[in-house]
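Architecture and fold: a report
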Amino acid sequence: MLQVYPVLCRAGYMDNYAYIIVDETTKTAAVIDPSEAAPVIDKCTEQNITPQFILNTHHHFDHVDGNLELKEKYAARIVCNVADAGRIIGADICLTPGEIFNLGRARAEIIDVSAHTIGHILYYFKNDKILFTGDTLFNLCVGGIFEGTPEQMFAALNKIKALPDDVLFYPGHEYTSGGAMFAFQYNHGNDDIKNYLDRARRRLAEGLPVAPVTLGWAKKNVATRILKPQR
Ligand code: ZN
Ligand code: FE
């Protein structure tokens, strides 16, 4: 069983999500994409968690800036794609897409989705039906293309689309409001999106993270329509 604690970072301007994840069987813990250290440390202290690993999806500063402080504080090891080893400072464990990263008994498949950046990876905990999508797929919208091509983004999203519908995904930013506006343009009058947005706004107003949705829901409300070529 994998426990996930979302931590909102850079709240109100970049709205990153870092995630503290714990393999409940062995209590092995990791932090995914620590945008900044302070809110992650607060959450770890509150939950009495000592992360042993820092997992990065890609090299952008808003996903790695907390790395070194957390590495030092917890003697954690930084894990990233071998393709990013030269530009993620302090990288300790370099993964090759296709390989498995073991977090205690939890197993993450490393999936290359080069497009937002070249070398962007997903951490897919297949048995737990949990996927960390970084800046490739958000709630109701997809990531910008900084280093790859539109064709690469299309291929990346198709890799995500091929995963089972009941997988919950956790994005690298809280972009639900913007995503919903975008999705509305392609889904006029879709109550599913409207209800989700209303729920999301209520949670955010209380300072709570938006609950994750399944890939099935995303496939229905985002990808299949937004990716349809526009004439
Ligand atoms: Zn990014
Ligand atoms: Fe980002």
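These notes cover the structure that comes with them.

With that settled, consider the overall build of the protein chain. Looking only at helices and strands, the protein chain has seven helices and 14 strands in total. Here the protein chain has a C-alpha radius of gyration of 17 Å; the compact-globule value for 231 residues is 17 Å, and the two agree. Across the 231 residues of the protein chain, 51% fall into the buried class. Contacts in the protein chain between residues at least 24 apart in sequence constitute 58% of all its contacts with a sequence separation of at least 6. A total of about 10400 Å² of accessible surface is found on the protein chain, and carbon and sulfur atoms cover 53% of it.

Here we take up the side chain of T133. As for its position among the elements, T133 is in strand β10 (residues 130–134). A polar atom in the side chain of T133 sits 2.7 Å from the backbone oxygen of L137.

Protein coordination at the zinc ion (ligand 1): the donors are H58 (NE2), H60 (ND1), H116 (NE2) and D135 (OD), at 2.2 Å from the metal. Coordination geometry of the zinc ion (ligand 1): the four donor atoms subtend angles of 90 to 167 degrees at the metal centre, consistent with an arrangement described as irregular. A gap of 3.2 Å separates the zinc ion (ligand 1) and the iron ion (ligand 2), which D135 links by coordinating each metal. Pair noted here: H58 is in the loop between β4 (53–55) and α2 (61–64) and H116 is in the loop between β8 (106–112) and β9 (121–125), with a separation of 58 residues, a long-range link. Taking relative accessible area as the criterion, H58 reaches 0% and is therefore assigned buried.

Of all eight residues in strand β2 (residues 16–23), eight are buried; the element is thus mostly enclosed. Neither face of β2 is exposed, since N16, A18, I20 and V22 on one face and Y17, Y19, I21 and D23 on the opposite face are all buried. Where strand β1 (residues 2–9) meets β2, eight bridges bridge the pair, whose relative direction is antiparallel. By the bridge assignment, Q3 is partnered in β2 with V22. Here β1 folds back onto β2, and the loop between the two strands holds six residues, one of which, R10, carries a positive phi near 45 degrees.

Surrounding the iron ion (ligand 2) are the protein donor atoms D62 (OD), H63 (NE2), D135 (OD) and H173 (NE2), which sit 2.1 to 2.3 Å from the metal. Around the iron ion (ligand 2), the four donor atoms are arranged such that angles at the metal cover 83 to 168 degrees; this shape is classified as irregular. The sequence pattern formed by the donor residues of the iron ion (ligand 2) is D-H-x71-D-x37-H.

All right, on to the sheet that holds β10 then. Strand pairs in the sheet, formed through backbone hydrogen bonds, run parallel or antiparallel to each other. Across the sheet, which stays open at both edges, the six strands sit in the order β7-β8-β9-β10-β13-β14 with mixed pairing between neighbours. Edge positions in the sheet fall to β7 (100–103) and β14 (213–214), since each of these pairs with one other strand and no more. Relative to strand β13 (residues 168–171), β10 is paired through four bridges, and the arrangement is parallel. In the sheet register, I130 faces β13, and the bridge partner there is L168.

Now for the pattern of salt bridges. Under the criterion given, the structure shown has 11 salt bridges. One salt bridge connects R87 with D84, and the closest N-O pair in it is separated by 2.8 Å. We classify D84 as buried; its relative accessible area is 1%.

Quick look at the packing of aromatic side chains now. Under the definition given, this model contains eight aromatic pairs. Seen from their ring centres, F125 and F132 are 6.1 Å apart, and the 85 degrees between their planes marks the pair as edge-to-face. Here the two residues F125 and F132 agree in accessibility, since each one is buried. Members of the aromatic cluster, each reached through a chain of ring pairs, are Y17, Y19, F125, F132 and Y170. Sitting over the ring of Y74, K73 keeps its end group 5.8 Å from the ring centre.

What follows covers the pairing of β10. For β10, the buried fraction is high: five of the five residues fall into the buried class. Burial of β10 is two-sided: the residues I130, F132 and G134 facing one way and the residues L131 and T133 facing the other way are all buried. Direction of pairing for β9 relative to β10: antiparallel, over a ladder of three bridges. Among the inter-strand pairings, Y123 is bridged to a residue of β10, identified as F132.

Here is what the cut-offs are and how they apply
Residues numbered from 1 in each chain as written. Chains lettered and ligands numbered in written order. Predicted model: local features only at pLDDT ≥ 70, side-chain atom pairs only at ≥ 80, totals over all residues. Heavy atoms only, no water. Helix = DSSP H or I, 4+ residues; strand = E, 2+ residues; numbered from the N terminus. Rg over C-alpha atoms; globule rule 2.2 N^0.38 Å. Buried < 20%, exposed > 50% of the residue type's maximum accessible area, 1.4 Å probe, protein only. Contact = heavy atoms within 4.5 Å. Areas by Shrake-Rupley, 256 points an atom, 1.4 Å probe, with all protein chains shown as cover. Polar contact = N/O pair within 3.5 Å; in protein donor to acceptor, adjacent residues only side chain to side chain. Donors = N, O, S within 2.8 Å, 3.2 Å for Na, K, Ca; no water. Tetrahedral: all angles 85-135°; square planar, octahedral: opposite > 155°, others 65-115°. Pairing = 2+ DSSP bridges. Salt bridge = Lys/Arg side-chain N within 4 Å of Asp/Glu carboxyl O. Phe/Tyr/Trp six-rings, centres within 6.5 Å; stacked < 30°, edge-to-face > 60°. Lys NZ or Arg CZ within 6 Å of the ring centre and 35° of its normal.

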